[in-house]
Amino acid sequence: MKLKTLKGVYPALITPFRKDGSIDEEGFRRNIDYVIEGGVDGIVPCGCTGEAATLRFEEQKKLLEIAVDQVDRNKRKVPVIGGSGSNNTQEALELTQYAKEAGAAAAMLITPYYNKPMPAGQILHYRTIAAKAEMPIILYNVPGRTGTNMLPETIAELAKDEFIIGVKEASGSMEQIEKIIELTRGGKKKFTVLSGDDNITLPVMAMGGKGVVSVLANIMPKEMCTMVKYYDEGNHEKAIDLYYKIAPIMKAMFLETNPIPVKAAANMMGIAAGSLRLPMTEMAPENQKKLKGLLEAYGVKLGGKVAVKAAPVKKPAASAKPGKK
């Protein structure tokens, strides 16, 4: 499905694993149906929340294929935005081209991490990929993980590119987000800012942002979608009331490094999550107790499996190729 507009709620999907460490494909498919039924506007597999850093190249490609296939099976089609970033430009290009071939509507690419390129390097990185992949690209700025911040001026320069359509801004700086929106408003080409942090979604929308790439939407998609919809429709008081109801759980998603808490919550709720891959470890017992108490206080049913009308899982023929049905 094509990406007609970039607004609303996009869950950064968790990657469920089996006990032996392999990917739980059926669980991943159920989770996709669950968030779609919750009203999300699109899905983002293979991001930081999906533990992309510990996914092998072939696993990342397989998850992109599964995500596109499962969306195609769902009655309510939503775009797939494939996480395809890397600190290696050629590797990021290969993943982005693969996402396009598999049928993703867009790609989301994290700022190159560890090697910490200067603004000139960041611009060349994204422009090289955009020029060769020729598909909609969303920047992902998360200095807490990458060790470098993509400046508003850098983002504004990249926003001029025909294929670069938006940014997931997770710097946590409202001043920076405001500057990005200010510099990219009213240009010849539309450029969209999405919050990269659930808890500042409403302030970002108040400044001109259009939604959120969400962690919480993995387990509470209806609540996140309702909150954003309320605000977008001008029902600000309802949006704010709902925010304060879910804020304790929203904040609990960061009691420990993401995605440790959201996978713990998912397991408590019967949503496919399974274990984490090392070096990520299970949530500390005292934090699990706190998280469970917050979920129960909100009225979330724990235990069992979340009931979804999952589309039937059909394994493609061995000769099938991504994007070829």
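Structure: see above.
How each quantity is defined
- Residues numbered from 1 in each chain as written.
- Predicted model: local features only at pLDDT ≥ 70, side-chain atom pairs only at ≥ 80, totals over all residues.
- Heavy atoms only, no water.
- Helix = DSSP H or I, 4+ residues; strand = E, 2+ residues; numbered from the N terminus.
- Buried < 20%, exposed > 50% of the residue type's maximum accessible area, 1.4 Å probe, protein only.
- Contact = heavy atoms within 4.5 Å.
- Areas by Shrake-Rupley, 256 points an atom, 1.4 Å probe, with all protein chains shown as cover.
- Expected span 1.5 Å × (residues − 1).
- Arc of directions from axis to C-beta.
- Axes fitted to C-alpha atoms, helices over the stretch in contact; angles between N-to-C directions.
- Parallel < 35°, antiparallel > 145°, perpendicular 65-115°, else oblique.
- Left-handed = near helix turned anticlockwise from the far one by under 90°.

Draft legend 1. Molecular detail of the overall build of the protein. Looking only at helices and strands, one finds 12 helices and 7 strands in the protein. Expressed along its principal axes, the backbone C-alpha trace of the protein runs to roughly 55 × 50 × 40 Å. Buried positions account for 55% of the 325 residues belonging to the protein. Within the protein, counting contacts between residues at least 6 apart in sequence, those at least 24 apart form 74% of the total. Accessible area of the protein: about 15,000 Å², with a carbon and sulfur share of 52%.

Draft legend 2. Representation of helix α4 (residues 119-133) within the structure. Its 15 residues give α4 an end-to-end C-alpha distance of 21 Å, which sits within 8% of 21 Å, the value for a rise of 1.5 Å per residue. Along α4, the positions that sit buried rather than exposed are Gln-122, Ile-123, His-125, Tyr-126, Ile-129, Ala-130 and Ala-133. Along the axis of α4, the buried residues cluster in a sector spanning 160 degrees; they form a single face. In α4, those exposed residues whose orientation departs by more than 90 degrees from the buried face are Ala-120, Leu-124 and Lys-132.

Draft legend 3. Looking closely at the packing of helix α10 (residues 236-252) against helix α12 (residues 285-298). Here α10 crosses α12 at 160 degrees, and the two axes come no closer than 9 Å. One element, α10, and the other, α12, form an angle in the roughly antiparallel class. Considering only the axes of α10 and α12, their crossing is left-handed. On α12, the residues that touch Leu-242, Lys-245, Ile-246, Pro-248, Ile-249 and Ala-252 of α10 are Leu-291, Leu-294, Leu-295 and Tyr-298.

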